[in-house]
Amino acid sequence: MSSLALYRRYRPESFAEVIGQEHVTDPLQQALRNNRVNHAYLFSGPRGCGKTTSARILARCLNCEQGPTPTPCGECRSCRDLARNGPGSIDVIEIDAASHGGVDDARDLREKAFFGPASSRYKIYIIDEAHMVTPAGFNALLKVVEEPPEHLKFIFATTEPEKVIGTIRSRTHHYPFRLVPPGTLRSYLADVCGRENSPVEDGVLPLVVRAGAGSVRDSMSVMDQLLAGAGDDGVTYAMATALLGYTDGSLLDSIVDAFAAGDGAAAFEVVDRVIEGGNDPRRFVADLLERLRDLVILAAVPDAGDKGLIDAPADVVERMQAQASVFGAAELSRAADLVNDGLTEMRGATSPRLQVELICARVLLPAAYDDERSLQARLDRLERGASAANAAAFAAPPAGAAPLGYVPGPDAHAPQAQAPAPQGPAPVAPAGPDAARAAVRGEAPPAAPAAYAPPVAEPAPQAPPAPAPEPGQRPGSWPTAVGPGSGAGSAPGEQARRPGGWPTASAPGSGPAPAPTPPAAAPAAPAATEGGQNMAQGAAQVRNMWPDILEAVKNRRRFTWILLSQNAQVAGFDGTTLQLGFLNAGARDNFASSGSEEVLKQALAERFNAQWRIEAVVDASGGGGMPGPSGGGGGRPAPQYQPAPAAPAAPVAYEPRPQHTPPQQSAPAPQGQPGPSAQQPPPAAPPQGRDAGPAPEAPPSSYGAEPPRSVSLEDDVPEDDDPDLVDSALSGHDLIVRELGATVIDEFANEQ
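Below, the structure is looked at part by part. From a predicted model like this one, the values you see are computed outputs, not experimental measurements.

**Considering the overall build of the chain**
Argument step 1. Counting secondary structure elements, the chain contains 26 helices and eight strands.
Argument step 2. In the chain, which comprises 752 residues, the proportion classed as buried is 42%.
Argument step 3. The contacts in the chain between residues at least 6 apart in sequence include a share of 77% that link residues at least 24 apart.
Argument step 4. Accessible surface, the chain: about 37800 Å² in total, of which carbon and sulfur atoms supply 52%.

Next comes the structure, spelled out in structure tokens:
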């Protein structure tokens, strides 16, 4: 086998053999066919892309005995002299401008140029590395290049055409060469290996193409090195990665999997293997960036391998498709940006390992940054985790418990059917960061702690409920604890919790269970009353939340908090409108004109995610005079919040902070009449012959009127930046006239 370098053994001898430069070779061949050949040419482009080779082929085409022709015959003396292994022609002179670029060399060339060719048609000067010619040398050549003799041709080849002075460039035909596309270069290398009878494993040629960076000469040199060191089994992938210094694909797979799972331990173990294995940390980061680039493209174009957008074997593309499927688009883009920035920072770094570990830490911790890409990456992780957690929850609902969703409606306060109470609180599917991380790692989600279950009172035995149509719920009403489409007879486990729903609320389309009625009793009362009764039922719900509402308002604006805590009470709520009763018209007008209504809306939206309309009315009774349910009997108050719709429980709709003790009602409620804590329409007639014992006493009501709260002195002092702090210096009757619209009737002098 010849010891000649591979790129010299396979140097093209005609324009048809030049690869990847059709935009240059085709016009040149057509110019030769038309016999319109210029006197000077400028070939420019990256190294190793065929500039000097094309210049020799052009000289061969011009001096062929059958030429000028685009296809040299290869038999005449000129063609044999300019062949791949030929001795060269005396009429084709190659000059290396790196060593012959001075003004003296240019003068010598100019003097010899006027002598005719010895045996060929043209005398051709090929000036390689033309950008190395000095300005004085170019100026010395200017006249002969501008007006050469008929037998003289110039071909300049350079990698930096901008360094060739403009007066020379303007007198030449400029042909820019380009880097060879990876697919074309890979096919050419495979053909060369076939001619050399050397087997090459899959994955080696992409590494060679990548090492050559689009240069045919560089790629051939790398291939020649691998073929020289190949054994009987040819060039293997392990040999190529070790010799070329590239990172093994298994290391890249391991660290990408660690990024996807959020496993910092695995990621830092890969870094340790890279360093301990003697790999270049900068090369490892560059290879990781290349892998992330492939994953970004695969995430956007799933068939990128078939379209040639990714230069990798089929098995590697399939593996990368699986990796891209577990990332979000924002997470991949952010990781690529961080690795790219880290690669730039590694230039001149004194501790490359530290830089690699910092890059891994940044990729693994999107929460450490508050930019938009990090936020989107966190959302991608949460969405994947939530999807996995919800899939697990829907696949295996807990026995004996009905998952509950959230659908508000005024009919939620209707009586519910009795059913056997579950032994414990319903398990809740895990959610949040723990579930997201478990889903990303491919593990089973950890069991979440059981949700708080309010104490359930022992229900009195009752007769089976009569079937009744389920009333629909109005959007925006208060949540209930009934599953979707469930009634009293629904089996537990048939209901599904809607993702994002309240744990103790009802699912979409669900209605409350009909009121229990004995067989001999009169027909059951309607599920909900109309008009003021609905407002009263909703008010009982909101009164439980009122301390927390005041706390949220206090954090936003102290003036509004003082105004509401001392002068306002909840008068009614119908699911969309919150009615506030003020002690007098002045307090109501002050609430409306001071912007306090907007502050209250913002507090409700921020703290409770509620978009309610606020209606301010004058209610001197303080909201405690709402009419209760008519009729007596031993009916129990309907529960509002409970862990499952199976059994009635004490009304635990909301757990307010222990702010103060509400006052007792001025008059005790009639025997057997439910307090305002849970408004429930009673049956038309009391049931006769019921075996149930006396109904348990209702808990002390907390829904009645609340007295004005005592405000500490420091809370009553306005802040300096309070927008309602007015320094108008109005006092006395001027302030009363402006604020209350009073009219001065008479004035009495206060004599001492």
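**Describing the nonpolar core**
Argument step 1. Counting residues in hydrophobic clusters, the biggest one holds 38 residues, and the most contacted among them are Ile255, Phe259, Phe284, Val285, Leu288, Leu292 and Val339.
Argument step 2. The set of elements that each furnish at least two residues to this core consists of helix H12 (249-261), helix H13 (264-276), helix H14 (281-300), helix H16 (314-325), helix H17 (329-345) and helix H18 (352-364).
Argument step 3. With eight residues, the single largest contributor to this core is H14.
Argument step 4. Grouped together as the second largest cluster of nonpolar side chains are 28 residues, Met545, Leu578, Phe582 and Ala603 included.

**Focus: the pairing of strand E4 (residues 152-158)**
Argument step 1. E4 sits mainly inside the fold: seven of its seven residues count as buried.
Argument step 2. Burial along E4 is two-sided: the residues Leu152, Phe154, Phe156 and Thr158 and Lys153, Ile155 and Ala157 are all buried.
Argument step 3. Judged from the five bridges that link them, strand E1 (residues 40-44) and E4 form a sheet pairing that is parallel. Among the inter-strand pairings, Tyr41 is bridged to a residue of E4, identified as Ile155.
Argument step 4. In the sheet, strand E3 (residues 123-128) pairs with E4 via six bridges, with the strands oriented parallel. Looking across to E4, one finds that Ile127 is bridged to Phe156.
Argument step 5. A crossover connection joins E3 to the parallel E4 through helix H6 (residues 135-146); in handedness this β-α-β unit is right-handed.

**Observations concerning helix H3 (residues 51-63)**
Argument step 1. Taking 1.5 Å per residue, 13 residues should reach 18 Å; H3 reaches 19 Å between its end C-alpha atoms and fits that length.
Argument step 2. The buried fraction of H3 is high, at 12 of 13 residues.
Argument step 3. The complete set of buried residues in H3 reads Lys51, Thr52, Thr53, Ser54, Ala55, Ile57, Leu58, Ala59, Arg60, Cys61, Leu62 and Asn63.

**Here we look at the sheet that holds strand E5 (residues 173-176)**
Argument step 1. Taken in spatial order, the five strands of this open sheet run E2-E3-E4-E1-E5, and their pairing is parallel. Of all strands in the sheet, those with a lone pairing partner are strand E2 (92-96) and E5, marking the two edges. Averaged over all adjacent pairs, the angle separating strand axes in this sheet is 15 degrees, with direction ignored.
Argument step 2. Relative to the sheet, helix H2 (residues 22-34) contacts E1 and E5, its axis offset from that of E5 by approximately 145 degrees.
Argument step 3. In this fold H6 packs onto E1, E3 and E4, with an angle of close to 140 degrees to the strand it touches most, E4.

**Comments concerning the packing of aromatic side chains**
Argument step 1. Within this structure, the stated rule accounts for eight aromatic pairs.
Argument step 2. Geometrically, the ring pair formed by Phe154 and Phe156 is stacked, given 6.1 Å between the ring centres and 10 degrees between the ring planes. The same class applies to Phe154 and to Phe156, which are both buried.

**Observations concerning unusual backbone geometry**
Argument step 1. For Asn197, which is not glycine, the phi torsion reads 55 degrees and is therefore positive.
Argument step 2. Within the secondary structure layout, Asn197 lies in the loop between helix H8 (182-195) and helix H9 (204-212).
Argument step 3. Judged by relative accessible area, which is 69%, Asn197 ranks as exposed.

**Let's talk about the sheet that holds strand E6 (residues 568-573)**
Argument step 1. Strand order across the open sheet formed by three strands is E6-E7-E8, with mixed pairing between neighbours. Taken across any chain shown, the strands that pair with only one partner, and hence form the sheet edges, are E6 and strand E8 (613-618). Taken pair by pair, the neighbouring strands of this sheet meet at an average axis angle of 30 degrees, ignoring direction.
Argument step 2. Where E6 and strand E7 (residues 577-582) come together, five bridges link them in antiparallel fashion. Residue pairing across strands places Ala568 opposite Phe582, the latter belonging to E7.
Argument step 3. The strands touched by helix H23 (residues 585-593) within the sheet are E7 and E8, with E8 carrying the most contacts at an inclination of about 155 degrees.
Argument step 4. Packed onto the sheet, helix H24 (residues 596-608) meets E7 and E8 and runs at close to 135 degrees relative to E8.

**What about the packing of H12 against H13?**
Argument step 1. Following both chains from N to C, one finds H12 and H13 inclined at 155 degrees, their axes separated by 8 Å at the closest point. As far as their axial angle goes, H13 and H12 are roughly antiparallel. The interaxial crossing formed by H12 with H13 has left-handed handedness. Residue-level inspection shows Leu251, Ser254, Ile255, Ala258 and Phe259 of H12 in contact with H13, the latter providing Ala266, Ala267, Val270, Arg273 and Val274.
Argument step 2. Partitioned by chemical class, the residues of the contact of H12 with H13 number eight nonpolar, one polar and one charged.

**Notes on H16**
Argument step 1. Its 12 residues place the ends of H16 17 Å apart at the C-alpha level, agreeing with the 16 Å of an ideal helix rising 1.5 Å per residue.
Argument step 2. Buried within H16 we find Val316, Val317, Met320, Gln323 and Ala324. Each buried residue of H16 sits inside an arc of 120 degrees when the element is viewed along its axis, so together they form one side. Within H16, the exposed residues directed more than 90 degrees away from the buried face are Ala314, Glu318 and Ser325.

**Focus on the side chain of Thr577**
Argument step 1. Of note, Thr577 is situated in strand E7.
Argument step 2. Reaching out from Thr577, the side chain makes a polar contact with the side chain of Arg613 at a distance of 3.3 Å.
Argument step 3. Once residues lying within four places of it in the same chain are set aside, the contact partners of Thr577 are Gly572, Arg613 and Glu615.

**As for the state of the cysteines**
Argument step 1. Counted by the stated rule, this structure contains zero disulfides.
Argument step 2. Unpaired in this structure, Cys76 has its nearest cysteine sulfur neighbour in Cys79, at a distance of 3.2 Å.
Argument step 3. A relative accessible area of 6% places Cys76 in the buried class.

**Some remarks on the side chain of Ser594**
Argument step 1. Secondary-structure assignment places Ser594 in the loop between H23 and H24.
Argument step 2. Within polar-contact distance, the side chain of Ser594 engages the backbone oxygen of Asn590 at 2.7 Å.
Argument step 3. In terms of polar contacts, Ser594 uses its side chain to reach the side chain of Ser596, at 2.8 Å.

**Some details on the pairing of E1**
Argument step 1. Extensive coverage of E1 is indicated by the burial of five of its five residues.
Argument step 2. The two faces of E1 match: Ala40, Leu42 and Ser44 on one face and Tyr41 and Phe43 on the other face are all buried.
Argument step 3. When E1 meets E5, the two strands line up parallel, connected through four bridges. Note on E5: the bridge partner recorded for Tyr41 is His173.

Conventions used here
Residues numbered from 1 in each chain as written. Predicted model: local features only at pLDDT ≥ 70, side-chain atom pairs only at ≥ 80, totals over all residues. Heavy atoms only, no water. Helix = DSSP H or I, 4+ residues; strand = E, 2+ residues; numbered from the N terminus. Buried < 20%, exposed > 50% of the residue type's maximum accessible area, 1.4 Å probe, protein only. Contact = heavy atoms within 4.5 Å. Areas by Shrake-Rupley, 256 points an atom, 1.4 Å probe, with all protein chains shown as cover. Core = buried A, V, L, I, M, F, W, Y, C linked by side-chain atoms within 4.5 Å. Pairing = 2+ DSSP bridges. Right-handed = clockwise from strand over helix to strand, strands pointing away. Expected span 1.5 Å × (residues − 1). Axes fitted to C-alpha atoms, helices over the stretch in contact; angles between N-to-C directions. Phe/Tyr/Trp six-rings, centres within 6.5 Å; stacked < 30°, edge-to-face > 60°. Parallel < 35°, antiparallel > 145°, perpendicular 65-115°, else oblique. Left-handed = near helix turned anticlockwise from the far one by under 90°. Nonpolar A, V, L, I, M, F, W, Y, C, P; charged D, E, K, R; others polar. Arc of directions from axis to C-beta. Polar contact = N/O pair within 3.5 Å; in protein donor to acceptor, adjacent residues only side chain to side chain. Disulfide = S-S within 2.5 Å.

Coordinates in, geometry out; function isn't part of it.
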